[in-house]
Amino acid sequence: MNATRLDTLKEAFVKNFITVFLCVIINSVNGSFVYIYFRSQEFKRDPRYVLFIHLVLNDMVMLSLSVALQIITYTFRLTLAPCCVLLLILLAANNPVNLACMAVERYIAVCWPLHHPQLCTVGRTYCLIGLIWAVSFLPGLSNLVLLLLNWPASGSWFSVVTCYTTRIFNTPQHQTSNLFMEVFFLSVVSVTLAATYLKVLFAASAASASSRASARKARNTILLHGVQLLICMLTYVAPFASVPLIRAMPHQLTAILFTSFILANILPRLLSPLIYGVRDQKFRTQLRLLFSCRSSGPGEGERLKPTAGERLRPAEDGDSLSVKIKNAE
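Below is a summary of the structure that appears in this document. What you see is a predicted model, and the numbers here were worked out from it, not measured in a lab.

### Examining the overall build of the protein
Looking only at helices and strands, one finds 15 helices and two strands in the protein. Here the protein holds 329 residues, and the buried ones make up 44% of them. Considering only contacts in the protein between residues 6 or more positions apart, those separated by 24 or more positions represent 78%. Summed over its atoms, the accessible surface of the protein is roughly 17,300 Å², and 68% of this surface lies on carbon and sulfur atoms.

Shown next as C-alpha cells:
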C-alpha cells in the first residue's frame, strides 16, 4: 500500500478502518482452518494438507504485514531501510510455487500411487516449504541488489520514502528484472499445472471405474489450482495497471492505489484458501463441527470429532488405543 500524506484525516481513518476490518475478518476465517488443522492428527500427517495450511498461513502473514505497512505509513515517517525489509518479505512470490507443489503432489498420488507414501512424506514436505521460501525471495533480493547498484540515485538509507514497490524500485533495471521474474514464475507454475492436469486426465481415462473417481477428484483439484493461480496474478498485474491510471488521473492517486491494494492484496487472501478449504470434504465436515460446537457452547461436543480417515484399531505392544490413518484421496 502506498504511503501517502495527501489524504485528509477522515479519508485516512476510513481507509485504515476498512483494511483493518477486512484483515480481522479474513484472518478469522483462515484461522479456523489453522485451528482445525492442528487439532487433527490426520491433517498433520498428510503432505497435501501440510502444503494447504502453509498456503493459508502464508496468506495470513502477508495480509497482516500489508495492513501493518499501510498503518505505519499513515502514522510514522518510514525510512528507506525498514521499507526495504518489509518489501523484501511482501515480494516473496511463494503462493504460485506452493500451488505448483500441491498439483505435483496430487499427480504423484494418482499416477504413482505405490510410490506416493515414499516420495511425499511430511518431512520432505517441510523441506520443500523451506525451498519454496528460498526461491520466493529471489524477486525481492534482485530488487535490493539493483537498488544498491543504483545507490547514488536512491538516496540515503535514512531518508523518508513512499513505501511502495514502484516508488522504491523505480529504475528501468528494476522494471526489467520484475518483468522477467514474474514471467518466469508464472510460466513455470502454469506449465506445471497444465502438465499435471493432462497427466491426471490421461490417467483417469485409462483407469478402472474405482480409480476413475479418485483421478477425477485430483483433476478437479488441479484445475482449481489454476483458478487460484489466476487470483494470485492480481498481485503481479496490479502495480503495472496502476501506473497508467495514475498518469491519467494524478489527482486520484490515493484512491487508485487504495483500490488496487484492496483488490490485489486483501481479497485474494480470503478467496484462495476459502474456495479450496470449503470444497474439501474433510475440512468442510470439521468446519461444521467447529461452528456447531461454538454455537451450542462448551460441553461434551466441544472437542472436534475425528475425521473420516481416522479409525480406531486394537492396540499393539501394550498400547491401549492407537489411531490408524488412511491415505488421503
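### Quick word on the state of the cysteines
Tallied over the full model, the rule gives one disulfide. A disulfide bridge connects C83 with C163, and the sulfur atoms are separated by 2.1 Å. The S-S bond linking C83 to C163 shows a torsion near 100°; that makes this disulfide right-handed. Of the two residues, C83 sits in helix α4 (residues 80-90) while C163 sits in the loop between α9 (151-154) and α10 (165-168), which places them 80 residues apart along the sequence. On the accessibility criterion, C83 (0% relative accessible area) is buried. Using a relative accessible area of 1% as the deciding quantity, one classes C163 as buried. Here C84 stays unpaired: no disulfide links it, and the sulfur of C83, its closest cysteine neighbor, is 5.7 Å away.

### So, the packing of aromatic side chains
Using the criterion set out here, one finds 13 aromatic pairs in the structure. Both rings, one in W133 and one in F137, keep their centres 5.9 Å apart while their planes meet at 40°; by these two values the pair is tilted. The partly exposed category is assigned to W133, whose relative accessible area is 24%. For the pair F180 and F184, a centre-to-centre distance of 6.2 Å together with 15° between the ring planes defines the contact as stacked. Linking F180 with F184, this pair stays in helix α11 (residues 172-206), spanning four residues, or about one helical turn. When its relative accessible area of 46% is taken as the criterion, F184 is described as partly exposed. Three or more aromatic residues link up through ring pairs in this structure, and these residues are F33, F43, Y49, F52 and F283.

### Description of the pattern of salt bridges
Taken as a whole, this structure holds three salt bridges when the rule is applied. One salt bridge connects E42 with K282, and the closest N-O pair in it is separated by 2.7 Å. Pair noted here: E42 is in helix α2 (residues 41-44) and K282 is in helix α15 (residues 281-296), with a separation of 240 residues, a long-range link. Each member of the pair, E42 as well as K282, carries the same accessibility label: buried. One salt bridge connects E105 with R106, and the closest N-O pair in it is separated by 2.8 Å. On the accessibility criterion, E105 (5% relative accessible area) is buried. Accessibility expressed as a relative area gives 3% for R106, which makes it buried.

Basis of the calculations
Residues numbered from 1 in each chain as written. Predicted model: local features only at pLDDT ≥ 70, side-chain atom pairs only at ≥ 80, totals over all residues. Heavy atoms only, no water. Helix = DSSP H or I, 4+ residues; strand = E, 2+ residues; numbered from the N terminus. Buried < 20%, exposed > 50% of the residue type's maximum accessible area, 1.4 Å probe, protein only. Contact = heavy atoms within 4.5 Å. Areas by Shrake-Rupley, 256 points an atom, 1.4 Å probe, with all protein chains shown as cover. Disulfide = S-S within 2.5 Å. Phe/Tyr/Trp six-rings, centres within 6.5 Å; stacked < 30°, edge-to-face > 60°. Salt bridge = Lys/Arg side-chain N within 4 Å of Asp/Glu carboxyl O.

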